[in-house]
Amino acid sequence: MAFRFKSRSTGDVVMLEHNAKQLLQILGKEPTGPGILLAEQMPAAIEALQAAVAHEEAEFERKKKEAIEKGEYVPDPERVSLRTRVAPFIDMLKHCMNERTDVVWGV
């Protein structure tokens, strides 16, 4: 199942359900139904997503360092990171913020 994020000023952004739910939880939005992100909420949303990306990257580096020190399996550097998964959505938000349009999902 996929989530489709829509706006009048951009193309749709489509995400797998698991990834979209993670994104919405980062934003403090309910992932179980339709929703809206207002243009005035977008700066805070972008900051929250960027903070989550920074946290995930720091955790990955910490786990990698621990694994190397212990001689254990090193986490896969080729994994699809949160940065990669949310980049199209952040681009959408930046464009919508400039155009003063909202983003909706589940409608």
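For the structure itself, look to the data block above.
Calculation notes
- One numbering rule holds for all chains: residues counted from 1, following each sequence as written.
- Given that this is a predicted model, residues contribute local features only at a pLDDT of at least 70 and side-chain atom pairs are listed and counted only at 80 or more, while totals for whole chains, interfaces and linings are drawn from all residues.
- Hydrogens are left out, water is left out, and the side-chain values use all remaining heavy atoms of the structure.
- Numbering goes from the N terminus for both helices and strands, where a helix is a DSSP run of H or I of at least four residues and a strand is a run of E of at least two.
- Helix span, expected: 1.5 Å multiplied by one less than the number of residues in the helix.
- Note on classification: 1.4 Å probe, protein chains only; a residue is buried when its accessible area is under 20% of the maximum for its type, exposed when over 50%, partly exposed between these limits.
- Contact definition: two residues touch when any of their heavy atoms are within 4.5 Å.
- The bend at a residue is defined as the angle formed between two axes, one fitted to the seven residues ending at that residue and one fitted to the seven starting there.
- Salt bridge, as used here, is a side-chain nitrogen of Lys or Arg placed within 4 Å of a carboxyl oxygen of Asp or Glu.

*Asks:* When you look at helix H2 (residues 42–70) in this model, what are you seeing that I'm missing?
*Replies:* At 3.6 residues per turn, the α-helix brings residues three or four places apart onto the same side. For H2, spanning 29 residues, the distance from its first C-alpha to its last is 42 Å, which sits close to the expected 42 Å at 1.5 Å a residue. Within H2, the full set of buried residues consists of Met42, Ala45, Ile46, Leu49, Ala52, Val53, Phe60 and Ala67. Close packing links the buried residues of H2 with helix H1 (17–26), strand E3 (35–37), helix H3 (82–99) and strand E4 (103–105). Two residues or fewer after H2 comes glycine 71, characterised by a positive phi angle close to 70°.

*Asks:* Explain H3 to me, please; I cannot follow it from the model alone.
*Replies:* In this model, H3 (18 residues) spans 26 Å end to end at C-alpha, consistent with the 26 Å of a helix rising 1.5 Å per residue. At proline 88, H3 shows its largest kink, close to 35°. Packed against the buried residues of H3 are strand E1 (2–6), strand E2 (13–16), H1, E3, H2 and E4. Two residues or fewer past H3, arginine 100 is found with a positive phi of approximately 60°.

*Asks:* Looking at this structure, I do not really get the pattern of salt bridges. What am I missing?
*Replies:* Side chains that carry opposite charge are capable of pairing whenever their charged atoms lie near each other. Using the criterion set out here, one finds eight salt bridges in the structure. A salt bridge links aspartate 12 to arginine 4, with the nearest nitrogen and oxygen atoms 3.4 Å apart. Glutamate 56 is paired through a salt bridge with arginine 85; the nearest N and O atoms lie 3.6 Å apart. Residue glutamate 56 is found in helix H2, and its partner arginine 85 is found in helix H3; the two are separated by 29 residues along the sequence. You can call arginine 85 buried: its relative accessible area is 18%. Within this structure, Glu59, Arg62 and Glu66 form a network of salt bridges that share partners.

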